[in-house]
Amino acid sequence: MAITNSARPAASRAAAPGIPAEAPLVLHLLDRLPGDGRDDSLFKLLRMMPAGRYRHVVLTLQGDLDCELRRNGAAVQVMSLSRGSGLGWSASLRLYRLLRRLRPDLVHSRSVRAQLLAALAGIRIRLPNAQPADSLPPRQGWGASLGRWLGEVLGACQVRIHPAHGAIDSTQFHPRLGLAPATVGPPDFLCEHAFVVGAAGPMDSEQDHVSLVRAFQLMVTEQDRNDTPLRLIIAGDGPCRDMCKAMLCAAGMAHLAWLPGARDDTARLMRSMDVFVAPAPAPAPACGANLRILEAMASGLPVVAVMAGANPQLVQASWTGTLVPPGQPELLADAIADYYRIPGLARRHGQRGRRLVLTHHSLAAVADRYLTLYDTLLARAAR
């Protein structure tokens, strides 16, 4: 598929209305169209940047967006490269030609092939599709090897990075207003003074929500008659959802849990929770599980997460949450129970997590780091 008509003004490097023609051009390459909640944060991020400082083109490998987005005085051109999946040879040729026409000053892409094409097209500044993250340690394993290869072979800039969808809209995800939780679930599900354990994300075997359900069952079984009522919410869909519901029914606890499937009101659901649980290791900072952890922290929730993957990079043990070994429901249950048995612990950890997100992962903070990175790299290239 040819580049859409909305791309033609950018091909001649003409600026959109209100954007100086000499403003540096940044091209962002996405795997798919915005709309899954994660890619959309890139658009929110770009709208936070000062109008006229940079021009941005967002290029998608799938879908068809024949439009130009202009909000808050910042023009973001959106183009589709291919209706197919991935960066095949035909799409690669179109991308190379586009790069030669656009002549962007900087290219963001996680694709090794896109990095190579940008190098062949003479683009001097090439970055993974990511943001700087001074709060995170360098990634290990495959991600670190890829970073070294991009730097040594393609000359891509080496920075400590964290994907752009680590930026959280802290106005959408915020602590509950007042003491009463949001009213969610079936009638009479949230009884007075109930303590709500929550989770969100795909319910597949890798996310291990089965361990969370077992931990919840242990908590309910070990409760005294006068203890705080417990409730469980897991927002998400997948092959393990029916298994989890069957486990709760078999234990006679179906009325204490609500597994509504996939939801688009996660922010509202989090305002009904008292603690957020990530029962599986996040394999990399780019994954949606990490996004949910940051959203929970922005919502003022303490986070109980397994001590594996990228979770320890986000959850500070005994400060913003608790880390437990994976695959041990008993320890998971004990960690969750501390938050309703120790007065004030959930509030303290939740407030610290919220402050951490505002400082390092809010749209404003990430946009400022983006601008600093752009300015530094362009100045270095000019020298």
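Everything numeric in this text was worked out from a predicted model, so none of it was measured.

Rules and cut-offs
- Residues numbered from 1 in each chain as written.
- Predicted model: local features only at pLDDT ≥ 70, side-chain atom pairs only at ≥ 80, totals over all residues.
- Heavy atoms only, no water.
- Helix = DSSP H or I, 4+ residues; strand = E, 2+ residues; numbered from the N terminus.
- Buried < 20%, exposed > 50% of the residue type's maximum accessible area, 1.4 Å probe, protein only.
- Contact = heavy atoms within 4.5 Å.
- Expected span 1.5 Å × (residues − 1).
- Pairing = 2+ DSSP bridges.
- Axes fitted to C-alpha atoms, helices over the stretch in contact; angles between N-to-C directions.

Peer 1: Help me out: how do you make sense of the environment of Arg 268 in this one?
Peer 2: You can see Arg 268 is positioned in helix 8 (residues 266-270). Assessed through its relative accessible area of 35%, Arg 268 is described here as partly exposed. A C-alpha to C-alpha distance of 9.0 Å links Arg 268 and Thr 183, two positions 85 residues apart in sequence. Apart from the residues within four sequence positions on either side, Arg 268 is in contact with Ala 182, Thr 183, Val 184 and Arg 263.

Peer 1: Could you clarify how one ought to interpret helix 12 (residues 345-360) in this entry?
Peer 2: Because each turn of an α-helix spans 3.6 residues, side chains separated by three or four positions end up pointing in the same direction. With 16 residues, helix 12 should cover 22 Å at 1.5 Å per step; its first-to-last C-alpha distance of 23 Å lies within 8% of that length. Within the span of helix 12, buried status applies to Leu 345, Ala 346, His 349, Gly 350, Arg 352, Gly 353, Arg 354, Leu 356 and Val 357.

Peer 1: What is the right way to read the sheet that holds strand 14 (residues 321-324) from this model?
Peer 2: Paired through their backbone hydrogen bonds, the strands of a sheet run either parallel or antiparallel. On the basis of which strands lie adjacent, the open sheet formed by 6 strands has the order 11-10-9-12-13-14 and parallel pairing. The sheet terminates laterally at strand 11 (257-261) and strand 14, the two strands that pair on one side only. The mean angle between the axes of side-by-side strands here comes to 20°, regardless of whether they run parallel or antiparallel. When strand 9 (residues 195-200) meets strand 12 (residues 275-278), the two strands line up parallel, connected through 2 bridges. The residue of strand 12 that forms the bridge with Gly 198 is Phe 276.

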